Amino acid sequence: MHQPYGVERPAVLRRAADFVDKVLKGAKPAELRVEQATKHERVVNLNTAKALGVTIPNSLRARADEVIQ
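Residues numbered from 1 in each chain as written. Predicted model: local features only at pLDDT ≥ 70, side-chain atom pairs only at ≥ 80, totals over all residues. Heavy atoms only, no water.

**Re the overall build of the protein chain**
And step 1. Looking only at helices and strands, the protein chain has three helices and two strands in total.
And step 2. The globule rule puts the C-alpha radius of gyration for 69 residues at 11 Å, and the 18 Å found for the protein chain is more than 25% above it.
And step 3. Taken along the three principal axes of its C-alpha coordinates, the protein chain extends 55 × 20 × 15 Å.
And step 4. Each of the 69 residues in the protein chain was classed as buried or not, and the buried ones make up 7%.
And step 5. The contacts of the protein chain with a sequence gap of at least 6 include a subset with a gap of at least 24, amounting to 24%.
And step 6. Summed over all atoms, the accessible surface of the protein chain reaches about 6,400 Å², with 55% contributed by carbon and sulfur. (Helix = DSSP H or I, 4+ residues; strand = E, 2+ residues; numbered from the N terminus. Rg over C-alpha atoms; globule rule 2.2 N^0.38 Å. Buried < 20%, exposed > 50% of the residue type's maximum accessible area, 1.4 Å probe, protein only. Contact = heavy atoms within 4.5 Å. Areas by Shrake-Rupley, 256 points an atom, 1.4 Å probe, with all protein chains shown as cover.)

If you want it as structure tokens, here you go:
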């Protein structure tokens, strides 16, 4: 199931666990690096687009990681 404009919760929880592990091993939270997302997905939902009256260009569909019919 996809979350619109959201994050993949299991991945976020794994990263949070890594930070907790570092803190429990003595790292100072203020010294931990801020991390950026390493994975981005483009998902096009054609059902929603149709319901909203939005036309999705073929070029965008072609670049999508997943197209939901």
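From this point, the narrative continues.
**Section: the nonpolar core**
And step 1. Within the largest apolar cluster, five residues are counted, these being Val-44, Leu-46, Ala-49, Ile-56 and Ala-64.
And step 2. Not counting residues up to four positions away in its chain, the partners in contact with Leu-46 are Ile-56, Arg-61, Val-67, Ile-68 and Gln-69. (Core = buried A, V, L, I, M, F, W, Y, C linked by side-chain atoms within 4.5 Å.)

**A closer look at the pattern of salt bridges**
And step 1. For the structure shown, the criterion picks out three salt bridges.
And step 2. Across the pair Arg-15 and Asp-18 runs a salt bridge whose closest N-O atoms are separated by 2.3 Å. Taken together, the positions of Arg-15 and Asp-18, both in helix 1 (residues 9-24) and three residues apart, correspond to about one turn of that helix.
And step 3. Residue classification places Asp-18 among the partly exposed positions, given a relative accessible area of 33%.
And step 4. The partner of Arg-15 in a salt bridge is Glu-35, and the shortest N-O contact between them spans 2.6 Å. (Salt bridge = Lys/Arg side-chain N within 4 Å of Asp/Glu carboxyl O.)

**Quick look at helix 1**
And step 1. Taking 1.5 Å as the rise per residue, helix 1 with 16 residues should run 22 Å; its terminal C-alpha atoms sit 22 Å apart, in good agreement.
And step 2. After helix 1 finishes, the residue Gly-26 shows a positive phi value of roughly 110°. (Expected span 1.5 Å × (residues − 1).)

**Quick notes on the environment of Arg-61**
And step 1. Looking at the element boundaries, Arg-61 is found in helix 3 (residues 58-63).
And step 2. Between the C-alpha atom of Arg-61 and that of Gln-36, which follows or precedes it by 25 residues, the distance is 26 Å.
And step 3. Sequence-distant contacts of Arg-61, defined by excluding residues within four places in its chain, comprise Leu-46, Ile-56 and Val-67.

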